[in-house]
Amino acid sequence: MSKIKQHKHIEVQPLIVAESRKPYGLRTYISLYSSAGIGCYGFKEENFHCIASVELLERRLKIQTHNKKCIYTSGYICGDMTELETKDKVFAELDLWKKVYNANLDVLIATPPCQGMSVANHKKKNELGRNSLIVESIELTKKIKPKIFLFENVRAFLTSICTDNDGKDKPIKQAIDYSLSGEYNIHFQVLNFKDYGCPSSRTRTLVIGVRKDLKEITPLDLFPNWQPERTLRQIIGHLPSLKKMGEITKEDIYHNFRKYSPQMESWIADIKEGQSAFDNEDHTKIPHSVKDGIVVYNAKKNGDKYTRQYWDKVAPCIHTRNDIMASQSTVHPSDNRVFSIREVMLMMSVPNSFNWSDVSFDNLNLMTIKEKHSFLKREEINIRQSLGEAVPTVIFRQIAHKIRIALSQREYTEQEITTLIQKKKLVENDNLLKFIKEDKTKNFATLSKIAELANAQRYDNSAYYTRQDICFSIIKNLPEAKNYTNLNILEPSIGVGNFLPTLINKYKSVPTVNIDVVDIDKNSIELLKELIRKIDVPENITINYINVDFLLHSFNRRYDIVVGNPPYMKITKEKALLAKYKANIQNNETNNIFAFFIEKALTLGNVVSLIVPKSLINAPEFNKTRSLMSEHQIERIIDFGEKGFKGVKIETICFIMSTKKKPSSTIIESYITDNIQKHEQSYITDKSFPYWLIYRNEKFDEVAKKLEFNIFKSYRDRVITKAFTKEKGKIRVLKSRNIGNNEIIDIPDYDCYMDDVSNFDVSKFLNQKNCYLLPNLTYNPRSCELPKGCITDGSVAIITLIDENTIITKNDLAFYATDEFTYFYAIARNMGTRSLNIDNNSVFFFGKLKEEII
């Protein structure tokens with residue numbers, strides 16, 4: 001990384017804050033590479049408290065002190081973010097706020113220098129080190145773990161290359177994604193701020209991440225709102241014209257005519273709006289210099305140098321060199337000058353309350369004209385450069401406002417909702433419809449949760465409420481809106497429409513969007529129509545409501561995207577219906593209808609993404625489903641573990657597949673490990689193993705090389721319970737805690753017996769050789785031989801040899817109790833917490849040590 005000059009630190013002393021001034025219910029932020037603090041002044045306006053602000057240039061940081069950004073002066077940190085000393089100061093401020101206010105960090109803001117990426121920089125050399133300053137922001141985010149992080153930079157930010165901490169050069173978007181997506185839901189978006197409240201054109205990249213433990217909050221909720229663009233006349237047209245070089249408005253020291261070389265005035269005097277001095281027909285008025293009596297015409301590197309701007313168009317992008325006409329888009333529409341400081345402030349939405357000096361604005365205006373010129377001579381370039389490298393205040397203020405609202409939203413507990421359902425009798429559909437229609441206070445997420453829980457009490461439809469943050473974690477990985485002009489989406493089991501707000505938000509810029517929503521429950525469709533009225537649906541988006549059984553309905557079109565959360569349930573009684581469902585299904589070995597949804601979705605969608613039980617990736621009944629899916633590209637698997645559905649004891653995953661693409665690489669995003677990994681799809685779906693291994697890694701492979709697999713087959717009793725056992729008897733019934741490493745463990749008041757087992761299927765193993773035991777449902781594997789006079793209940797698996805000639809030694813069994821195998825086994829079971837039965841798939845991994853290992 002390139003070395004940046006270290007400037008001296010501003011010595012500070014903590015302010016003494018009176019008890020009455022301590023901010024209660026406070027919201028906090030830190031700002032990295034904060035320049036003059038123009039952007040994050042929007043957070044101050046929304047009553048956020050700055051814990052620390054880091055800036056390399058002392059003259060920029062000094063401006064922040066004029067605006068009393070930090071409560072403690074030690075919060076102003078002048079230093080290089082690549083230096084450990086600077087980082088230590090940030091952590092010291094965080095510790096101080098934790099100690100004094102018990103405050104954890106809400107928002108981390110980072111706007112690292114962009115010269116290596118900016119199109120305005122025509123002197124780029126090796127800017128890789130400068131680009132890599134974003135890595136410091138990423139690492140600090142990982143260590144501090146703020147609730148929300150906000151990165152802002154130029155349009156090319158995401159595709160620019162940085163050197164990550166692993167020493168590899170990669171696009172910045174990839175560095176952010178791979179480092180932070182495990183713990184954060186992240187949205188990346190390039191947008192022109194002129195469409196979001198900024199008075200000037202400024203195409204920038206915003207990256208917002210929301211920590212995954214923040215329920216019902218998505219990054220999309222925090223982006224600024226679209227607003228109609230405004231013209232330059234609307235922004236600065238009210239200011240007085242400045243005709244005289246050096247003129248300063250009496251009432252506003254910052255509305256000034258910046259001086260330049262008098263010979264240059266003729267260059268722009270005759271040009272009209274949109275014209276450049278290079279368009280002058282008179283060659284003497286074309287920008288030039290005279291060297292040794294020879295006229296040398298200036299190079300026209302930027303098309304908007306010496307160019308007069310339009311009154312009735314959006315104001316131009318403000319750059320750091322807004323003080324000279326030779327820079328980009330700096331010439332006033334009427335006057336022969338560059339824009340004044342005040343005009344630039346207005347174009348950057350900087351409020352009048354922002355201070356550039358420790359001298360008050362009123363006192364600055366009371367200065368003599370000589371004093372004013374002296375002040376501007378000292379300060380103007382710093383002010384202008386600060387404006388050129390700033391984030392428009394209005395953009396960050398909108399984001400800060402939305403963050404404050406989001407973090408303050410009250411989340412209704414399931415018990416509260418259940419009480420409400422009972423009190424209002426919302427199980428009755430008419431009452432529920434009326435309640436949703438008349439409610440004016442609750443947001444879509446809360447109302448849809450109430451509707452889903454009310455429906456769940458009415459029907460046993462195996463439908464679960466899908467939180468908005470979970471919906472976002474899926475939809476963020478669907479194809480980008482820019483890929484489409486006409487988009488067709490299918491939601492095959494819509495319920496109360498949990499996915500719709502995020503889908504609409506993601507694809508609102510696509511010219512034409514058609515969303516077909518399907519549900520077998522007529523009441524759900526009616527509820528959904530009422531809920532949709534609670535959100536803003538753009539005119540370009542059409543929602544079609546289809547009340548049919550998805551599995552039996554014939555669709556007459558193919559969809560770009562199929563996304564949803566199908567029901568998880570086995571059909572055991574309705575044999576005729578099950579036969580209809582299986583009529584066109586390849587996997588007829590399961591009765592769980594989510595597998596049927598997968599197969600049909602793959603025939604209808606180019607991209608398919610469904611939330612399904614985690615058992616999909618390892619259960620024997622889904623072997624054929626996995627085989628079918630493996631033929632296509634599995635772009636991403638998100639392992640929610642048990643975090644997907646609050647209060648529901650089920651592990652879930654989401655997959656995102658491209659049915660038109662062949663297998664390539666797959667990203668594994670884990671809510672269990674808070675990490676993401678990328679592997680070749682063939683690596684995690686390797687047919688050498690009985691099922692997919694989404695956490696497979698080198699350490700797993702090292703153990704796998706030591707073992708011969710597929711040695712055993714598995715059996716578990718499903719009948720013997722406490723009702724059949726007693727404290728003493730002829731035959732011992734072993735349970736999981738009795739199984740030790742090559743031994744049987746006696747446990748008082750736990751051991752149990754039976755006198756006769758002849759009527760139980762498990763009796764076939766009584767007094768048989770080459771029978772071995774494994775405790776079921778555990779990540780503490782160990783094994784021993786089945787002793788004579790013993791059988792097992794369902795908490796222990798009996799494993800027997802596939803090939804009776806195989807010899808199993810005590811060393812083989814002892815290996816299962818080692819730390820090495822325990823780690824291996826956790827990966828073999830995909831870090832599951834509930835799907836841990838020893839079956840004929842999972843017993844595969846209890847191998848025999850190879851001879852050379854022994």
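Values in this document were obtained by computation on a predicted structure and should not be read as measured data. (Residues numbered from 1 in each chain as written. Predicted model: local features only at pLDDT ≥ 70, side-chain atom pairs only at ≥ 80, totals over all residues. Heavy atoms only, no water.)

Undergrad: So, the pattern of salt bridges: which residues are in play, and what are the values?
TA: Between side chains of opposite charge, pairing is possible as soon as their charged atoms come close. According to the stated counting rule, one finds 47 salt bridges in the structure shown. Across the pair Asp166 and Lys170 runs a salt bridge whose closest N-O atoms are separated by 2.9 Å. On the basis of relative accessible area, Asp166 is assigned to the partly exposed category, the value being 45%. Overall, the relative accessible area of 7% leaves Lys170 in the buried class. The closest approach of N and O atoms between Glu669 and Arg636, which form a salt bridge, is 3.0 Å. Taken together, the residues Glu669 in strand E19 (residues 665-670) and Arg636 in strand E17 (residues 633-641) connect sequence positions 33 residues apart. This pair shows no difference in class: Glu669 is buried, exactly as Arg636 is. Among the ionic contacts, a cluster of salt bridges with common partners joins Asp177, Lys212, Lys476, Arg636 and Glu669. (Salt bridge = Lys/Arg side-chain N within 4 Å of Asp/Glu carboxyl O. Buried < 20%, exposed > 50% of the residue type's maximum accessible area, 1.4 Å probe, protein only. Helix = DSSP H or I, 4+ residues; strand = E, 2+ residues; numbered from the N terminus.)

Undergrad: Tell me what's going on with the layout of surface pockets, and back it up with residues and numbers.
TA: In this structure, the second largest pocket encloses a volume near 1600 Å³. The wall of the second largest pocket is formed by 46 residues, among which Lys173, Leu478, Glu480, Lys482 and Lys506 lie closest to the centre. For the lining of the second largest pocket, the secondary-structure elements that each account for two or more residues are helix H6 (172-180), strand E8 (184-192), helix H17 (500-507), strand E16 (605-613), E17 and E19. At seven residues, E8 tops the list of elements feeding residues into the lining of the second largest pocket. Per-class residue counts for the lining of the second largest pocket are 17 nonpolar, 14 polar and 15 charged. (1 Å grid on protein atoms, 1.4 Å probe; cavity = no way out; pocket = protein on both sides within 12 Å on 5 of 7 lines; lining within 4 Å. Points joined across faces, edges and corners; volume = space filled by probe spheres on them. Nonpolar A, V, L, I, M, F, W, Y, C, P; charged D, E, K, R; others polar.)

Undergrad: Kindly report on the sheet that holds strand E13 (residues 512-518), identifying the contributing residues and their values.
TA: Across the sheet, which stays open at both edges, the nine strands sit in the order E14-E13-E12-E15-E16-E18-E17-E19-E20 with mixed pairing between neighbours. The sheet is open, and its two borders are formed by strand E14 (541-546) and strand E20 (675-680), each paired with just one other strand. Sheet twist, expressed as the average angle between the axes of neighbouring strands with direction ignored, equals 15 degrees. Note: strand E12 (residues 486-491) against E13, six bridges, orientation parallel. Its bridge partner being in E13, Leu490 is matched across the sheet by Asp516. (Pairing = 2+ DSSP bridges. Axes fitted to C-alpha atoms, helices over the stretch in contact; angles between N-to-C directions.)

Undergrad: Please give an account of the packing of helix H2 (residues 58-66) against helix H11 (residues 369-388) that cites residues and values.
TA: At a closest axis distance of 10 Å, the pairing of H2 and H11 adopts a crossing angle of 85 degrees. Considering their axes alone, H2 and H11 lie roughly perpendicular with respect to each other. Only Asn382, Gln385 and Ser386 of H11 make contact with H2, whose side of the interface consists of Arg59, Arg60 and Ile63. (Parallel < 35°, antiparallel > 145°, perpendicular 65-115°, else oblique. Contact = heavy atoms within 4.5 Å.)

Undergrad: I'd like to hear about the packing of aromatic side chains, residue by residue, with values.
TA: Using the criterion set out here, one finds 45 aromatic pairs in the structure. When the ring of Phe689 is compared with that of Phe700, the centres are 5.7 Å apart and the planes differ by 65 degrees; the resulting orientation is edge-to-face. Residue Phe689 is found in the loop between helix H22 (681-684) and helix H23 (698-704), and its partner Phe700 is found in helix H23; the two are separated by 11 residues along the sequence. You'll find Phe689 and Phe700 in the same group, each marked buried. With 6.0 Å between their ring centres and 15 degrees between their planes, Phe821 and Tyr825 make a pair best called stacked. You can see Phe821 and its partner Tyr825 sitting in helix H25 (residues 819-828), four residues apart, about one turn around the helix. Accessibility expressed as a relative area gives 1% for Tyr825, which makes it buried. Taking the ring centre of Tyr823 as reference, the NZ or CZ of Lys699 above it sits at 4.2 Å. The aromatic ring of Tyr750 is capped on one face by Arg737, whose charged end is 4.4 Å from the ring centroid. (Phe/Tyr/Trp six-rings, centres within 6.5 Å; stacked < 30°, edge-to-face > 60°. Lys NZ or Arg CZ within 6 Å of the ring centre and 35° of its normal.)

Undergrad: Which residues make up the nonpolar core, and what values do they have?
TA: The tendency in soluble globular proteins is for nonpolar side chains to be buried side by side. In terms of nonpolar packing, the biggest core is built from 123 residues, with Tyr507, Phe712 and Phe845 touching the most fellow members. A total of nine residues in this core trace back to one element, the largest contributor, which is helix H20 (residues 593-604). Within the second largest apolar cluster, 38 residues are counted, among which are Trp97, Leu140, Cys162 and Tyr184. (Core = buried A, V, L, I, M, F, W, Y, C linked by side-chain atoms within 4.5 Å.)

Undergrad: I'd like to hear about empty space enclosed by the protein, residue by residue, with values.
TA: Summed over all chains, the structure comprises three cavities of 30 Å³ or more. Put simply, the largest cavity is a space of about 60 Å³. If you trace the largest cavity, you find it lined by Tyr254, Arg342, Asn352, Phe354, Asn355, Trp356, Ser357, Val359, Ser360, Phe361 and Leu364. Grouping the constituent residues of the lining of the largest cavity by class yields six nonpolar, four polar and one charged.

Undergrad: Describe helix H3 (residues 84-101), naming the residues involved and giving the relevant values.
TA: In an α-helix, one full turn covers 3.6 residues, which means residues spaced three or four apart are oriented alike. Here H3 is 18 residues long and its end C-alpha atoms lie 26 Å apart, about the 26 Å a rise of 1.5 Å per residue gives. Taken as a whole, H3 has its buried residues at Thr86, Lys87, Val90, Glu93, Leu94, Trp97 and Tyr101. Relative to the axis of H3, the buried residues are bounded by an arc of 115 degrees and lie together on one face. Projecting away from the buried face of H3 at angles above 90 degrees are the exposed residues Leu84, Glu85, Asp95 and Lys99. Against strand E1 (27-32), strand E2 (48-55), strand E3 (76-78) and helix H5 (133-144) lie the buried residues of H3. One or two positions beyond H3, positive phi appears at Asn102, with a value near 55 degrees. (Expected span 1.5 Å × (residues − 1). Arc of directions from axis to C-beta.)

Undergrad: Which residues make up the side chain of Ser714, and what values do they have?
TA: By secondary structure assignment, the location of Ser714 is in strand E22 (residues 712-715). Polar side-chain contacts of Ser714 include one of 3.2 Å to the backbone oxygen of Ile838. What Ser714 contacts, discounting residues up to four positions off in sequence, is Ala797, Ile798, Ile799, Ile838, Asp839, Asn840 and Val843. (Polar contact = N/O pair within 3.5 Å; in protein donor to acceptor, adjacent residues only side chain to side chain.)

Undergrad: Lay out the sheet that holds strand E23 (residues 731-734) with the relevant residues and their values.
TA: Strand order in the open sheet made by the three strands is E24-E23-E27, with mixed pairing throughout. Single-partner strands in this sheet number two, and they are strand E24 (752-754) and strand E27 (790-792). When the angles between neighbouring strand axes are averaged without regard to direction, this sheet yields 40 degrees. Alignment of E23 against E27, held across three bridges, turns out to be parallel. From the neighbouring strand, Val733 faces E27, where its bridge partner is Ile791.

Undergrad: Please set out the environment of Gly832 residue by residue, giving values where relevant.
TA: By the secondary structure assignment, Gly832 is in the loop between H25 and strand E29 (848-849). Separated by 53 residues in the primary sequence, Gly832 and Tyr779 place their C-alpha atoms 9.4 Å from one another. Dropping the residues within four chain positions of it, Gly832 is found in contact with Lys614, Glu651 and Tyr779.

Undergrad: Could you give me a rundown of H2, with the residues and numbers involved?
TA: Restricting attention to buried positions, one finds in H2 the residues Arg60, Leu61, Ile63, Gln64 and His66. Considering only its buried residues, H2 is in contact with E2, E3 and H11.

Undergrad: An account of a nonpolar patch on the surface is requested, with residue identities and associated values reported.
TA: Together, Val290, Val295 and Tyr297 make up a nonpolar patch on the protein surface, roughly 280 Å² of accessible area in all. For Val290, the position within the fold is in strand E10 (residues 288-291). Since its relative accessible area comes to 54%, Val290 is described here as exposed. (Patch = residues over 30% accessible without salt bridge, like charges linked within 9 Å, V, L, I, M, F, W, Y side chains within 5 Å. Areas by Shrake-Rupley, 256 points an atom, 1.4 Å probe, with all protein chains shown as cover.)

Undergrad: Before we move on, could you go through the pairing of strand E15 (residues 559-564) and cite the residues and values that matter?
TA: Here E15 lies mainly inside the structure; six of its six residues are buried. Across two bridges, the pairing between E12 and E15 is parallel. Across the sheet, the residue bridging to Leu490 is Val562, located in E15. As judged from the five bridges shared by E15 and E16, these two strands associate in the parallel manner. Residue pairing for E16: Val562 is matched across the bridge by Val608.

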